[in-house]
Each structure stands twice: as structure tokens, then as C-alpha cells.
Amino acid sequence: MPRIRSVATVPTLNRRTLLAATGAVSLSAGIGLALRPQSPAHAATAAQAPVADSVAHAEGQSATTGPTGPAALAPYTRGTTLGSVATPRSGSTGYRRLGDGAGWKRVVRDELAAAKTGRADRRTALAAFVQLTDLHLIDAQHPLRLEYLRSQNKSAWRPQETLTVAGAVSLIERVNSLHGAPATGTPLHFVMTTGDNTDNNSKTELEWFLKVMSGGRITPNSGDPRHYEGVQAGNLKTYWQPDAALRDADKQLGFPRIQGFLEAAIRELRSPGLKLPWYSTVGNHDALPLGCYGSRGDSYLTEFAVGGKKLMSLGSAEATTLAKSIKNGSSPKGAAFHDLLRAHAREMRSVTPDEKRAPFTPAEYVKAHLDPAYTGPGPIGHGYSSANLSAGTQYYTFRIAEDVIGVSLDTTDPGGHYEGSIGTAQLRWLEKTLRENADSYVIVFSHHTSKTMRNTHADPAHPAEARHGGSEVVSLLARFSNTLAWVNGHTHKNEIIPHAASGNRSFWEICTASHVDFPQLARVIELVDNKDGTLSLFTTLIESAAPHATDFSDLTQTGLAALYRELSFNAPGARTDLSGTSRDRNTELILKKG
């Protein structure tokens, strides 16, 4: 069992060097000790570092007691993918039902440092947290959605998209059920979302996300408050029509008819909200309409988002052309999309207008997080602060534990396209942050991965500022021996990459699968000191709390969450490699101390 000690017993002057000398480890049951509820927002200009407004989750609470009671004895597997994973029960074709499958074993990865014997008896816990990523809470009836791209690619529309809120609430329930971290039993500090919290930069989706995370009643519906008006009620064979007898394309593959599905999908449900403090990182689907268009200056697209017309069908040739323009970034501000909608105005169907579908600006995104209605267990702003509003930024730092800090980056490119980059000002801020916190370990969070930061479209607000890709960020992080991990998402696939550097400056990049595409996962990450010159990062994947098996007659909140997973497994054209290999799932990642 790892040794832990409350921060209440550690003077604030203690840092990593003193802790290494004394063997003391400081943990709070919820959040690092540096900031207190009375702390005002730290002021920042555009050239200064925005610092999070933070709220202590359980001030004075013993480190051996988590927010839901005593920490569980470790290691444990129940409620994690170490114990069981959703697996098809039989067959290899058609619509396949899920059930309980064998768990995924933990794999020790020693590419960056040798795993020394006896470390389990020596180690002390430094920090533990949960990463959620790519929740993609979807307003499935939004007029700007691109469902009709399914005419050229089956995976362009997914049959589970009406159930994203129910699925996300079930994931919150799973996180709340964890009694400490699986490998060490350490109390969990916090939850971090690494972007694409929403799907279409829509105010409806942002409200649903904040209520899912902080608790409340949610009606996952827009437009007509009484009826669903999207593509699944349009008698269109291209899409799964769950309530209808129509022999649509998906039913031909074995998808069921479930009468009452659409009514249940837009029915009010309740989220208990997280019991842990949570932080937020922005993704391209949060920052840009459709996750790819820097179209905020296009009044036609903005008005179309809240208007009463929706395009539901498109020929495969035009769909292919639009898909290619999105992929290659040839129309980053959405001009090609704008022209296509105008050209097909007469083919659109009428829907109920809704002002709540309007796109939100970066400032509105930050203000929504700062709204006291969504504070939940804290911290105020969930990482964002008044300093971010003043500086016009969406990146920040926060203290995880006495000797560990977190850094949240904004890798979205306001100029458009779904890949990312960061501007020179943010790159310099990151370098300054790493240098000034040389006595603390650093865990970096972002939405994009090092491999998906290749977009250098200029930021319209700073057209002369250079943009920097993933390779430059990797090079910068590798200059500092206190960098331990870069945690991200975006690709919807589990992947863990070792970044080797000389002088004990290596670090791990940990990318976690989404919660919208199968296998619908989140990840617990634990940091420990092995007391032998090495550190370990334990990664443990978790699923939502919904049962693996489904019942088509169960349209309760829990039943819909289970169906959400099964539909995603069966989605036509869905990738089958997103769970990664065993080396990308449940792991122990060894590092030399810097």
C-alpha cells in the first residue's frame, strides 16, 4: 500500500527537493493546497500568465478519506477495464449484442526507464486524477450538422448521436463510484476534460455539458419542445429510423426497431454532477462551428444555426467534395459550406428555430464556466479565471499537489480546421511556466496530440503571430526534466507514446479514446515515486456505469446509456482500432527522475 500524507501537515514552503529528502508525500482529497476559497482571481494582461481561480474541495480533510468515504484498498479492478470490458456476445456480422467480457491486464512499459524490483513496497503516491475526453455532447437536431455526408461515408453520421447526454451522465456516475485510484488507493484529486466537450460550438450543447459535469436536470432537445425534428424522424432511408417500420439502411444491417426511442431520447434526465473538483480544456469542436470552421464572421452561417431550415440529404458527389475541403482545410472559414447551403435552399426541410443553438465565442465559453450555477464541487471557473477574460486566452496553470502542477493548453486554431497549433505568445508562456516551476513536476493537458498539431492557419485576432505545431511543443517539453506527461485526446483512440530525451528529460504522451465512439472510455492516471530513482504513471481505463447488456424495452436513463454504447459498437463504418493495443490501455509507465 503506498504511503500518503495530508497536506495539512506539510508547511507550504516544502517543495519537491524537500519532499525527496524527507520522503514526505502531500495529497489533499480533491485539490492542491496552494489556492484557497478566499483567493481572488490573479490578474493577467495578454502578456502575463493566467492563473486559475481555485476552490479547496475538502479543506482539512484527511488524505486517507476521499469525497465519498474511505479510500479502497488497492489494487482493485471492480468498475474498471481491469475487471471487465464490454464485448460482443456472439457472431461476427450484423447487429451484435454486447455483454461482459474479460478485462484488460496492466502492462509495464519500460522504454524510458528500467522497472526495478520491490518498487511496489517502496512507492509513495504523489497525485491521482481522472481524464475525460471528447464527450461530444451533440444537439442532434442542429441545422448546421453534416449528417448528409453519410451518402459518401457511412461513418459520417452515427446512430448513437441522440444519446450523448445520457451516456455522459452514466460516465459521471462511474467516476463518482470510484473509491480512490485503482493502483494505489490514493484519493482522486480532480477530473480534467481534455476538450471536445461539445460537438458543434452550440450554446445548447455548452449548457448540457456544464450541467452534466456540475449536476442538474437536462432536456437534450432543441427546437420544438414536444417533438424530435432531426434526420431520424424524416422517413429517410439513409439514417436509422428507430420508431418507424421503414426498412432503412441500418435496419438492413440488423439494427432494431425501438418504438418510443426518439421520445425517450429527448426526455429530461438528471445528472448527479461530479463529486470531485473538475477542470476544463478546450477542443476544436468547442471553439469552432462543426469543429473545423473559423466562420464567426459569417453572418449567414450564424443565422442559419438558429434558423428554421435544415438540409438532410445530399448527393454523394457533392458530399465527397465538401468532405475533401474539410479534410484538406481548403475552406477554413466555411465559404464552401456557405455556398453549398445556399445552393440547396429549396431542398431543405422546415424545423423549429431556436436562438439557443447560436455559436458561442471564446469569451462566452469562459464566462459560462465562471457562472456560479455551474461551480459544483469547484473550483470556480474550472481552471478559467477573470484573468483569462482580461487577456482573451483559454490556457492556465493549477496546482495538483504540493509538488505537482497542471498546465492546460489551448491548441485550437481560430483560423479554422480541425487540427491544432499554438501561437507564439502561448508557446513562450509555456516555456516560462516550465522554467518558473522547476521545483515541481509538471503534467500538461491539451486537446490535440503532438501528431495532430499541424495546422498553421493564422489567428484572425493575431494575424502576424506565428503558429507552432506538435513537434515544437515536444521539443520544448523535452528541455525540462520536470515534465512528466502530456495528456490529450482528439484522435478518439488510445495511444501512449514515449518521448525520449537525454539528461532524464523524457516524458510520456497519453492519448485517451473518446466517449462518443466505441469503446467509450475515460482514464484514471496515478503518479507515484518509486523511491529508487524512478517514477511511475499508472493508467487505468474505465467505462460508464451503464450495464454492458442492453434491453430494447428499457428506455430509462440507464437503459439509454447502455444502448448508447451498443449502438456505437455497431455504428456502420466505425473504426475497430480505437481501443489501441494492450500497451496503450492499462499500463505502468516508468520514468527516471529529473
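### So, the overall build of the protein chain
Here is step 1 of the chain: Looking only at helices and strands, the protein chain features 14 helices and 23 strands.
Here is step 2 of the chain: The contacts of the protein chain with a sequence gap of at least 6 include a subset with a gap of at least 24, amounting to 77%.
Here is step 3 of the chain: By element, 52% of the accessible surface of the protein chain is carried by carbon and sulfur atoms, the whole surface being about 21,200 Å².

### Observations concerning the environment of Val528
Here is step 1 of the chain: With respect to the helices and strands, the residue Val528 is situated in strand 21 (residues 522–529).
Here is step 2 of the chain: The spacing of Val528 and Phe538 is ten residues in sequence and 8.2 Å in space, taken between C-alpha atoms.
Here is step 3 of the chain: The residues touching Val528, leaving out its near neighbours within four places in the chain, are Arg123, Thr124, Ala125, Leu126, Thr184, Leu535, Ser536 and Phe538.

### Observations regarding the packing of aromatic side chains
Here is step 1 of the chain: According to the stated counting rule, one finds 22 aromatic pairs in the structure shown.
Here is step 2 of the chain: Among the aromatic side chains, those forming a connected cluster through ring pairs are Phe129, Phe190, Tyr279, Phe360, Tyr365, Tyr384, Tyr396, Phe398 and Phe445.
Here is step 3 of the chain: Just above the ring of Phe552 sits the side chain of Arg97; from NZ or CZ to the centre is 3.9 Å.
Here is step 4 of the chain: A cation sits over an aromatic face here: Arg585 above Trp104, 4.5 Å from the ring centre.

### Notes on unusual backbone geometry
Here is step 1 of the chain: With an omega of -10°, the peptide bond between Gly378 and Pro379 qualifies as cis.
Here is step 2 of the chain: Across the junction of Phe518 and Pro519, the peptide omega takes the value 20°, indicating a cis bond.
Here is step 3 of the chain: Topologically, Pro519 is positioned in the loop between strand 20 (507–511) and strand 21.
Here is step 4 of the chain: Notably, His136 is not glycine yet its phi reads approximately 50°, a positive angle.

### Digging into the sheet that holds strand 13 (residues 396–401)
Here is step 1 of the chain: The sheet built from six strands is open, its strands ordered 13-14-16-18-20-19 with mixed pairing. The sheet terminates laterally at strand 13 and strand 19 (495–499), the two strands that pair on one side only. Strand-to-strand twist in this sheet, taken as the mean axis angle between neighbours without regard to direction, amounts to 20°.
Here is step 2 of the chain: In terms of strand pairing, strand 19 meets strand 20 through five bridges, oriented antiparallel. Bridging across to strand 20, Ile496 finds its partner in Ile510.
Here is step 3 of the chain: The strands touched by helix 12 (residues 424–436) are strand 13, strand 14 (404–408), strand 16 (441–445) and strand 18 (483–488); relative to strand 14, the strand with the most contacts, the crossing angle is about 180°.
Here is step 4 of the chain: Along the sheet, helix 13 (residues 470–477) contacts strand 16, strand 18, strand 19 and strand 20; its crossing angle with strand 18, the most-contacted strand, is approximately 155°.

### Focus on the pairing of strand 13
Here is step 1 of the chain: Extensive coverage of strand 13 is indicated by the burial of six of its six residues.
Here is step 2 of the chain: Sheet analysis places strand 13 next to strand 14, joined by five bridges and oriented antiparallel. Note that in strand 14 the partner of Tyr396 across the bridge is Ser408.
Here is step 3 of the chain: The antiparallel pairing of strand 13 with strand 14 creates a hairpin that spans two residues between the two strands.

### So, the pattern of salt bridges
Here is step 1 of the chain: Per the stated rule, a full pass over the model turns up 29 salt bridges.
Here is step 2 of the chain: One salt bridge connects Arg217 with Glu268, and the closest N-O pair in it is separated by 3.4 Å. Taken as a pair, Arg217 in strand 8 (residues 216–218) and Glu268 in the loop between helix 5 (261–265) and strand 9 (269–271) lie far apart in primary sequence, 51 residues in all.
Here is step 3 of the chain: Note on Arg217: relative accessible area 52%, which makes it exposed.
Here is step 4 of the chain: A salt bridge links Glu495 to Lys451, with the nearest nitrogen and oxygen atoms 2.8 Å apart. A residue pair is termed long-range when its members are at least 10 positions apart, and Glu495 in strand 19 and Lys451 in the loop between strand 16 and strand 17 (467–468) qualify at 44 residues.
Here is step 5 of the chain: By relative accessible area, Glu495 is classed as partly exposed at 25%.
Here is step 6 of the chain: A single network of salt bridges, built from pairs that share partners, joins Arg145, Glu147, Arg158, Glu161, Asp199, Lys310 and Asp517.

### So, the side chain of Arg119
Here is step 1 of the chain: Position of Arg119 relative to the elements: it lies in helix 2 (residues 119–122).
Here is step 2 of the chain: By relative accessible area, Arg119 is classed as buried at 14%.
Here is step 3 of the chain: For Arg119, the residues in contact, after removing those within four places along its chain, are Val108, Asn530, Asp532, Glu588 and Ile590.

### Quick notes on the nonpolar core
Buried together is how nonpolar side chains tend to be arranged in soluble globular proteins.
Here is step 1 of the chain: Residues Leu132, Tyr148, Phe261, Leu322, Phe337 and Leu341 are the most contacted members of the largest nonpolar core, which totals 113 residues.
Here is step 2 of the chain: The element best represented in this core is helix 3 (residues 164–177), accounting for seven residues.
Here is step 3 of the chain: Once you skip the residues sitting within four places of it in the chain, Phe261 turns out to touch Thr162, Leu163, Gln232, Trp240, Pro242, Asp243, Leu555, Leu563 and Leu567.
Here is step 4 of the chain: Leu409, Leu434, Leu477 and Trp486 belong to the second largest nonpolar core, which has 20 residues in total.

### Considering the sheet that holds strand 10 (residues 278–281)
Here is step 1 of the chain: Here we have seven strands laid out as an open sheet, ordered 5-23-22-21-6-7-10, and mixed in their pairing. Only two strands of the sheet have a single neighbouring strand rather than two, namely strand 5 (107–109) and strand 10. Averaged over neighbouring strand pairs, the angle between their axes works out to 20° when direction is ignored.
Here is step 2 of the chain: For strand 7 (residues 190–194) and strand 10, the ladder comprises four bridges, and the chain directions are parallel. Its bridge partner lying in strand 10, Met192 is registered against Tyr279.
Here is step 3 of the chain: Of the strands in this sheet, strand 6 (124–132), strand 7 and strand 10 are in contact with helix 4 (residues 203–214), which crosses strand 10 at around 155°.

### Concerning the packing of helix 4 against helix 10 (residues 362–370)
Here is step 1 of the chain: In contact at an axis separation of 11 Å, helix 4 and helix 10 are set at 30° when each is read in the N-to-C sense. Comparing the axis directions of helix 4 and helix 10 gives the class roughly parallel. Between helix 4 and helix 10 lies a crossing of right-handed hand. On the side of helix 4, the interface is formed by Lys203, Leu206, Phe209 and Leu210, while helix 10 contributes Glu364, Tyr365, Ala368 and His369.
Here is step 2 of the chain: Class assignment for the residues of the contact of helix 4 with helix 10 results in five nonpolar, one polar and two charged.

### What to know about the pairing of strand 21
Here is step 1 of the chain: The element strand 21 is largely enclosed, with a buried count of eight among its eight residues.
Here is step 2 of the chain: Along strand 21, one buried face is formed by Ala522, Val524, Glu526 and Val528 and the opposite face, lined by Arg523, Ile525, Leu527 and Asp529, is buried too.
Here is step 3 of the chain: With seven bridges joining them, strand 6 and strand 21 adopt antiparallel strand pairing. Within strand 21, the position partnered with Ala127 by the bridge is Leu527.

### Side note on helix 9 (residues 335–343)
In an α-helix, one turn spans 3.6 residues; hence positions three or four apart end up facing the same way.
Here is step 1 of the chain: Restricting attention to buried positions, one finds in helix 9 the residues Phe337, His338, Leu340 and Leu341. Taken end-on, helix 9 shows its buried residues confined to a sector of 165°, consistent with a single buried face.
Here is step 2 of the chain: Each element contacted by the buried residues of helix 9 is listed here: helix 7 (299–306) and helix 8 (316–328).

What counts as what
- Residues numbered from 1 in each chain as written.
- Predicted model: local features only at pLDDT ≥ 70, side-chain atom pairs only at ≥ 80, totals over all residues.
- Heavy atoms only, no water.
- Helix = DSSP H or I, 4+ residues; strand = E, 2+ residues; numbered from the N terminus.
- Contact = heavy atoms within 4.5 Å.
- Areas by Shrake-Rupley, 256 points an atom, 1.4 Å probe, with all protein chains shown as cover.
- Phe/Tyr/Trp six-rings, centres within 6.5 Å; stacked < 30°, edge-to-face > 60°.
- Lys NZ or Arg CZ within 6 Å of the ring centre and 35° of its normal.
- Pairing = 2+ DSSP bridges.
- Axes fitted to C-alpha atoms, helices over the stretch in contact; angles between N-to-C directions.
- Buried < 20%, exposed > 50% of the residue type's maximum accessible area, 1.4 Å probe, protein only.
- Salt bridge = Lys/Arg side-chain N within 4 Å of Asp/Glu carboxyl O.
- Core = buried A, V, L, I, M, F, W, Y, C linked by side-chain atoms within 4.5 Å.
- Parallel < 35°, antiparallel > 145°, perpendicular 65-115°, else oblique.
- Left-handed = near helix turned anticlockwise from the far one by under 90°.
- Nonpolar A, V, L, I, M, F, W, Y, C, P; charged D, E, K, R; others polar.
- Arc of directions from axis to C-beta.

From the geometry alone we can't say anything about function, so treat these as descriptive.
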